Amino acid sequence: MRQTINGSDLRRLIISAAASIEINKQKLNELNVFPVPDGDTGTNMSMTINAAASDLRKADDPSLEKAAAMAASAMLRGARGNSGVILSLLFRGISKKLKGATVCDGVLWANALQEGVDAAYKAVMKPAEGTILTVARLAAAKARQAAEENNHIEFVHEAAIEEAKVALANTVNQNPVLKKAGVVDAGGKGWLLVLEAMAAALRGEDIIVPEGGVSDTKEQADFADFDTEDITFTYCTEFIISRENDMDPEKLRDFLSSLGDSLVLVDDEEIIKVHVHTNDPGKALHEAIDYGSFVTVKIENMRLQHTEKVLSEQELAPKIAEPEKPIGVVTVCAGDGLKEVFSNLGVDGVISGGQTMNPSTQDILEVVNTVPAETVFVLPNNKNIIMAAEQVNALTPKNVIVVPSKTVPQGVTAMLSFNPDGSVEENTEAMTEVLGTVDTMQITYAARNSDFDGYDIHEGDYLAIYGSALFGTSKDIKVLLRALAEKVRDEGKEFITIYYGQDIQEKHAKKAADLFTQICPDADVNLICGGQPVYYYLISAE
């Protein structure tokens with residue numbers, strides 16, 4: 001039974017966990033009760049943790065602190081959806097507790113799991129029972145109890161898994177929606193998969209994605225587009241020699257200086273450690289052998305590494321626009337028509353995304369940084385993007401304020417209340433308050449069979465959503481449009497805007513608008529080509 005882990009071990013544990021989530025992501029997606037096409041739990045958790053796995057695969061024997069910090073940083077930037085953000089926060093807390101440690105025993109690991117839980121709970125405004133938070137909290141508490149009995153990390157981790165299984169099974173009883181559907185929480189199941197895959201790696205049974213398997217993540221850069229001619233010396237040569245004579249290392253330094261550049265030579269009574277860039281590593285090694293025996297040797301072709309390094313630096317180096325005005329706005333949406341609507345309302349940047357493609361924190365950060373303003377408002381326009389947007393403020397010198405819009409119509413209404421000459425406080429209050437004044441209706445399709453809220457739903461059926469609730473289902477879209485129009489009439493709404501999606505022909509959209517005009521004669525009905533995917537119609541009513 002393993003007593004402790006080091007940085008290389010933690011690297012393996014996280015890579016194993018990422019593989020397990022990737023392999024099981026569709027099963028996690030299918031646990032989502034609401035059958036609309038969405039940025040589902042499994043997809044979001046997979047993209048989040050694989051951001052860390054991708055970075056860790058490039059790390060050569062990292063320290064414990066470095067491995068934990070790399071994972072936390074990559075997940076924070078790569079976090080997608082609420083489940084992905086919570087997963088990243090769990091690992092951020094783990095990283096915080098492992099800071100300064102070289103090895104991790106059972107007690108430290110239990111405390112790290114608890115630190116992760118604390119970080120996640122702090123970020124969630126109204127934590128609900130029967131979620132990933134519940135599973136993680138109870139597993140961490142059990143781990144701390146186990147650590148008092150046995151300080152072996154494997155013993156403690158296995159105790160956490162057993163408690164996570166019990167907690168996950170109980171989520172079906174804690175959440176009314178899950179209970180009605182008879183399923184466990186998808187995020188909680190994902191966290192259990194992470195813990196189990198880590199345990200497998202502790203036993204030397206690392207989870208690996210099958211060759212040619214489910215992942216489409218690009219793990220290697222394309223070198224073709226980059227010029228490496230500026231690299232003067234091709235090989236990065238590093239070695240350590242065990243001192244076996246009294247030869248002066250300064251002579252070796254002089255020789256290596258004539259052979260290349262970027263020379264670093266450190267010596268003491270026992271070893272000589274060398275780093276040098278050269279075109280002839282053989283000569284460097286031949287000269288060095290006279291000083292003693294080689295302990296380690298590493299030679300890397302920097303021309304082949306060049307592209308990967310450039311790409312990495314381009315991805316991580318923030319491109320931050322200098323402030324030219326006090327306030328700016330960015331928004332999330334998909335569809336050329338919707339982008340044009342927001343541009344006409346004065347947004348500074350559009351983040352492409354929404355349902356089925358929740359943007360990551362990094363995606364939002366990059367657009368925020370391009371806005372030449374001191375304060376940048378973010379309109380997520382999707383409840384599953386709000387938490388990812390809220391992580392951006394810690395990653396940029398700009399002041400980022402998230403207006404919690406859950407739909408595109410809410411985002412449009414918020415922009416109508418935006419005053420570029422107003423103060424940050426005035427705009428925050430105005431844009432937030434108007435979110436509740438607009439009703440949003442959406443028509444999409446069922447991504448899978450489901451028995452939800454009294455509806456027997458079949459894959460491919462049309463679904464109408466009013467606010468956040470399922471309003472109706474039918475095989476005839478006209479039936480749903482008529483029912484929504486009657487609902488809007490009965491609610492006494494005066495302004496109706498219909499955004500039709502990329503899969504709706506203009507002539508059919510005009511018929512939908514005519515239907516609303518006929519049923520709601522006292523309302524002002526507007527029709528706009530939104531061009532959005534997935535949702536045939538987005539309808540706002542005020």
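The preceding data block contains the structure.
Everything quoted here is computed from the prediction, not taken from an experiment. (Residues numbered from 1 in each chain as written. Predicted model: local features only at pLDDT ≥ 70, side-chain atom pairs only at ≥ 80, totals over all residues. Heavy atoms only, no water.)

Chemist: Tell me about the overall build of the protein, and name the residues and values.
Modeler: Of the regular secondary structure elements, the protein holds 19 helices and 16 strands. Referenced to the eigenvectors of the C-alpha coordinate spread, the extents of the protein come out at roughly 100 × 55 × 45 Å. Residue burial in the protein is summarised as follows: out of 542 residues, 50% are buried. Look at the contacts in the protein between residues 6 or more apart in sequence, and 71% of them connect residues 24 or more apart. Averaged over its 49 positive side-chain charges, the protein has a centre that lies 5 Å from the centre of its 80 negative ones. (Helix = DSSP H or I, 4+ residues; strand = E, 2+ residues; numbered from the N terminus. Buried < 20%, exposed > 50% of the residue type's maximum accessible area, 1.4 Å probe, protein only. Contact = heavy atoms within 4.5 Å. Lys, Arg positive; Asp, Glu negative; His and termini not counted. Charge placed at Lys NZ, Arg CZ, Asp CG, Glu CD.)

Chemist: How would you sum up the packing of helix 5 (residues 106–123) against helix 7 (residues 153–174)? Please name residues and give values.
Modeler: Relative to each other, helix 5 and helix 7 sit at 35°, their axes nearing to 7 Å. By crossing handedness, the relation of helix 5 to helix 7 is classed as right-handed. On helix 7, the residues that touch Gly106, Trp109, Ala110 and Leu113 of helix 5 are Ile153, Val156, His157 and Ala160. When the residues that make up the contact of helix 5 with helix 7 are grouped by side-chain class, the tally is 6 nonpolar, 2 polar and no charged. (Axes fitted to C-alpha atoms, helices over the stretch in contact; angles between N-to-C directions. Left-handed = near helix turned anticlockwise from the far one by under 90°. Nonpolar A, V, L, I, M, F, W, Y, C, P; charged D, E, K, R; others polar.)

Chemist: Go over the side chain of Asn29 with me, naming the residues and quoting the values.
Modeler: Structurally, Asn29 is set in helix 1 (residues 7–31). The buried category is assigned to Asn29, whose relative accessible area is 4%. In this structure the side chain of Asn29 is engaged in a polar contact, spanning 3.0 Å, whose partner is the side chain of Thr43. Setting aside residues up to four positions removed in sequence, Asn29 forms contacts with Asp40, Thr41, Gly42, Thr43 and Arg448. (Polar contact = N/O pair within 3.5 Å; in protein donor to acceptor, adjacent residues only side chain to side chain.)

Chemist: Please give an account of the state of the cysteines that cites residues and values.
Modeler: The final tally for this structure, using the stated rule, is 0 disulfides. Of the cysteine sulfurs around Cys529, a residue in no disulfide, the closest is that of Cys333, at 13 Å. Take Cys529: its relative accessible area is 40%, and that puts it in the partly exposed class. (Disulfide = S-S within 2.5 Å.)

Chemist: Provide a residue-level description of the packing of aromatic side chains, including the pertinent values.
Modeler: Inspection of every chain in the model, using the stated rule, returns 6 aromatic pairs. When the centroid spacing of 5.6 Å and the interplanar angle of 90° are considered together, the rings of Phe239 and Phe294 count as edge-to-face. Taken together, the positions of Phe239 in strand 1 (residues 235–243) and Phe294 in strand 4 (residues 292–301) put the pair 55 residues apart, joining distant regions of the chain. Under the relative-accessibility criterion, Phe239 is labelled buried at 1%. Aromatic pair Phe377 and Phe418: ring centres 6.4 Å apart, planes at 70°, arrangement edge-to-face. With Phe377 in strand 7 (residues 373–379) and Phe418 in the loop between helix 16 (408–416) and helix 17 (424–433), this residue pair connects regions lying 41 residues apart in the sequence. Accessibility expressed as a relative area gives 13% for Phe418, which makes it buried. Each member of the aromatic cluster is reached from another via a ring pair, and the members are Tyr445, Tyr462 and Tyr536. (Phe/Tyr/Trp six-rings, centres within 6.5 Å; stacked < 30°, edge-to-face > 60°.)

Chemist: Any details on the sheet that holds strand 5 (residues 325–333)? Residues and values, ideally.
Modeler: Reading across the sheet, the 4 strands line up as 6-5-7-8 and stay open at both edges, with parallel pairing between neighbours. Strands with a single pairing partner mark the edges of an open sheet, and in this sheet they are strand 6 (349–352) and strand 8 (399–402). Averaged over all pairs of adjacent strands, the angle between strand axes in this sheet comes to 25°, irrespective of strand direction. Where strand 5 lies against strand 7, 6 bridges are found, and the strand directions are parallel. What sits directly across from Ile327, in strand 7, is Thr375. Helix 17 rests against strand 5, strand 7 and strand 8 of the sheet, and its axis sits at about 5° to strand 7. (Pairing = 2+ DSSP bridges.)

Chemist: Outline the nonpolar core, supporting the account with residue identities and numerical values.
Modeler: Phe91 and Trp191 are the most contacted members of the largest nonpolar core, which totals 85 residues. No other element matches helix 9 (residues 186–202), which puts 11 residues into this core. If we ignore the near neighbours within four places in the chain, the residues touching Trp191 are Met45, Leu87, Leu90, Phe91, Leu113, Ile132, Val135 and Ala136. If you look at the next biggest cluster of nonpolar residues, it comprises 27 residues, including Met441, Ile443, Leu481 and Val525. (Core = buried A, V, L, I, M, F, W, Y, C linked by side-chain atoms within 4.5 Å.)

Chemist: Quick one: what's the story with helix 4 (residues 81–98), residue by residue and with numbers?
Modeler: In this model, helix 4 (18 residues) spans 26 Å end to end at C-alpha, consistent with the 26 Å of a helix rising 1.5 Å per residue. One or two positions beyond helix 4, positive phi appears at Gly100, with a value near 85°. (Expected span 1.5 Å × (residues − 1).)

Chemist: Break down empty space enclosed by the protein for me, with residues and values.
Modeler: Scanning the model with the defined rule gives 1 cavity of 30 Å³ or more in all. Of the volumes computed, that of the largest cavity is approximately 30 Å³. In terms of lining residues, the largest cavity is bounded by Leu10, Ile14, Ala68, Ala71, Ala72, Phe91, Ile94 and Ser95. Those elements that provide at least two residues to the lining of the largest cavity are helix 1, helix 3 (64–78) and helix 4. In terms of residue class, the lining of the largest cavity is built from 7 nonpolar, 1 polar and no charged. (1 Å grid on protein atoms, 1.4 Å probe; cavity = no way out; pocket = protein on both sides within 12 Å on 5 of 7 lines; lining within 4 Å. Points joined across faces, edges and corners; volume = space filled by probe spheres on them.)

Chemist: Report on the environment of Lys398, specifying residues and quantitative values.
Modeler: Here Lys398 lies in the loop between helix 15 (386–390) and strand 8. For Lys398, a relative accessible area of 5% puts it in the buried group. In this structure, the C-alpha to C-alpha distance between Lys398 and Glu322, residues 76 residues apart in sequence, is 9.6 Å. Beyond its immediate sequence surroundings of up to four residues, Lys398 is in contact with Ile320, Ala321, Val368, Asn369, Val371, Pro372, Ala373, Glu374, Val376 and Asn393.

Chemist: Which residues make up unusual backbone geometry, and what values do they have?
Modeler: Despite not being glycine, Asn381 has its phi angle at roughly 60°, a positive value. By secondary structure assignment, the location of Asn381 is in the loop between strand 7 and helix 15. The phi torsion at Val534 lies on the positive side, around 70°, for a residue other than glycine. Considering the arrangement of structural elements, one finds Val534 in the loop between strand 15 (524–529) and strand 16 (537–541).

Chemist: Lay out the pairing of strand 1 in plain terms, naming residues and giving numbers.
Modeler: Two strands pair when backbone bridges link them, and strand 1 and strand 3 (residues 271–278) are joined in this way by 8 bridges, in the antiparallel orientation. Bridge pairing links Ile241 to Ile272 in strand 3. Two strands pair when backbone bridges link them, and strand 1 and strand 4 are joined in this way by 9 bridges, in the antiparallel orientation. Among the inter-strand pairings, Tyr235 is bridged to a residue of strand 4, identified as Asn301.

The analysis is restricted to geometry; functional conclusions fall outside its scope.
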